[in-house]
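Analysis of the macromolecular model
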Amino acid sequence: ITSCYSFSTNGNFLQRTRLSHDEIQCIDKANNIQLYATTIDGSTSPKSWSPSVPTEVSPKSVTKEIMGFFGQIGDVNRDLKFQKRLLEPTLKKNIDGMHVITVLFQSARTKRLAKNILPLSLMLDKLKSWEKVWSERDISTFIYGIRSLECLDPLEGKLLKLAASKVAESDALLGSRAIGNALYGLQDITSDTEGAPEICAALATKIEAFSGDLNGQDIGIGLYGLQGMSASNADVRKLISVLADKIDSSE
């Protein structure tokens, strides 16, 4: 690191002030201050999340804010503060299904509850209105993101059922890694969870269409993700049967 600056807003203008070593140690953590480290190559990176300087809001800028936020350690109060930020009208109208999937995936990865970032009702509405046909990545990252849901609220059951229908409608083929990650995302739910049988049925169809070899790591994390499922459910049995066939035929 060669130098550090504080960035603050003054009306509609952005002010930059070079900080001394002592100032860096006691940097003000107020909402309108953000600390950046200037690296050898001249790039800067935020050290903590704070609301962005006013700029034109677009889906791309919302994505940037979300990814910047998830670069920090999880804290419930910080999560709820960021939710308030995302619910501002100018940001909220630019949120789409990709943002929902990103929030779910990143929340699972960082051990957060997704509902503290986006309300469940908003996630459901945005996914319903998202017209994009789900890709391999959309399918894999959404199901992996189920780990960020408690699956106790009826809205979460509706979210899983909606996702299952989107997976079934998609013509995307899943590769070995996508299959492993998706199955791994099921680890915190059971076959009795609302929406779980539908997700299992949709996944079974996708795995059945897979024509390659599953690698060892993907097999391992996939089986781990199924630990809460009961073979007494027909959809779970179908998923297990299809997965077993693919494991057996893999080299």
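First things first, this report covers the structure right here in the doc. (Residues numbered from 1 in each chain as written. Predicted model: local features only at pLDDT ≥ 70, side-chain atom pairs only at ≥ 80, totals over all residues. Heavy atoms only, no water.)

Notes on the overall build of the protein chain
A tally of helices and strands in the protein chain yields 12 helices and four strands. Counting all 251 residues of the protein chain, 47% fall into the buried class. Summarising the internal contacts of the protein chain: among those between residues at least 6 apart in sequence, 74% fall at separations of at least 24. Of the roughly 13,300 Å² that the protein chain leaves accessible, carbon and sulfur atoms contribute 51%. (Helix = DSSP H or I, 4+ residues; strand = E, 2+ residues; numbered from the N terminus. Buried < 20%, exposed > 50% of the residue type's maximum accessible area, 1.4 Å probe, protein only. Contact = heavy atoms within 4.5 Å. Areas by Shrake-Rupley, 256 points an atom, 1.4 Å probe, with all protein chains shown as cover.)

Some remarks on the pattern of salt bridges
Scanning the entire structure with this criterion turns up eight salt bridges. For the salt bridge of Glu 150 with Lys 115, the shortest nitrogen-to-oxygen distance reads 2.6 Å. Of the two residues, Glu 150 is situated in the loop between helix 7 (136–144) and helix 8 (154–169) and Lys 115 in the loop between helix 5 (97–109) and helix 6 (120–129); the sequence distance between them amounts to 35 residues. Its relative accessible area of 34% is what places Lys 115 among the partly exposed residues. (Salt bridge = Lys/Arg side-chain N within 4 Å of Asp/Glu carboxyl O.)

Quick word on the packing of helix 5 against helix 7
Interaxial distance between helix 5 and helix 7 falls to 8 Å at its minimum, and their mutual angle equals 45°. Judged by the inter-axis angle, helix 5 sits oblique to helix 7. Of the two possible hands of crossing, helix 5 and helix 7 adopt the one that is left-handed. Residues Met 98, Ile 101, Leu 104, Phe 105, Ala 108 and Arg 109 of helix 5 pack against Asp 138, Thr 141, Phe 142 and Tyr 144 of helix 7. Per-class residue counts for the contact of helix 5 with helix 7 are seven nonpolar, one polar and two charged. (Axes fitted to C-alpha atoms, helices over the stretch in contact; angles between N-to-C directions. Parallel < 35°, antiparallel > 145°, perpendicular 65-115°, else oblique. Left-handed = near helix turned anticlockwise from the far one by under 90°. Nonpolar A, V, L, I, M, F, W, Y, C, P; charged D, E, K, R; others polar.)

Looking at the packing of aromatic side chains
Tallied over the entire structure, the rule returns seven aromatic pairs. For the pair Phe 69 and Phe 70, a centre-to-centre distance of 5.3 Å together with 75° between the ring planes defines the contact as edge-to-face. Pair check on accessibility: Phe 69 and Phe 70 agree, each one buried. Residues Trp 130 and Trp 134 carry aromatic rings whose centres are separated by 6.4 Å and whose planes lie at 55° to one another, so their mutual orientation is tilted. Each of the two residues, Trp 130 as well as Trp 134, counts as buried. (Phe/Tyr/Trp six-rings, centres within 6.5 Å; stacked < 30°, edge-to-face > 60°.)

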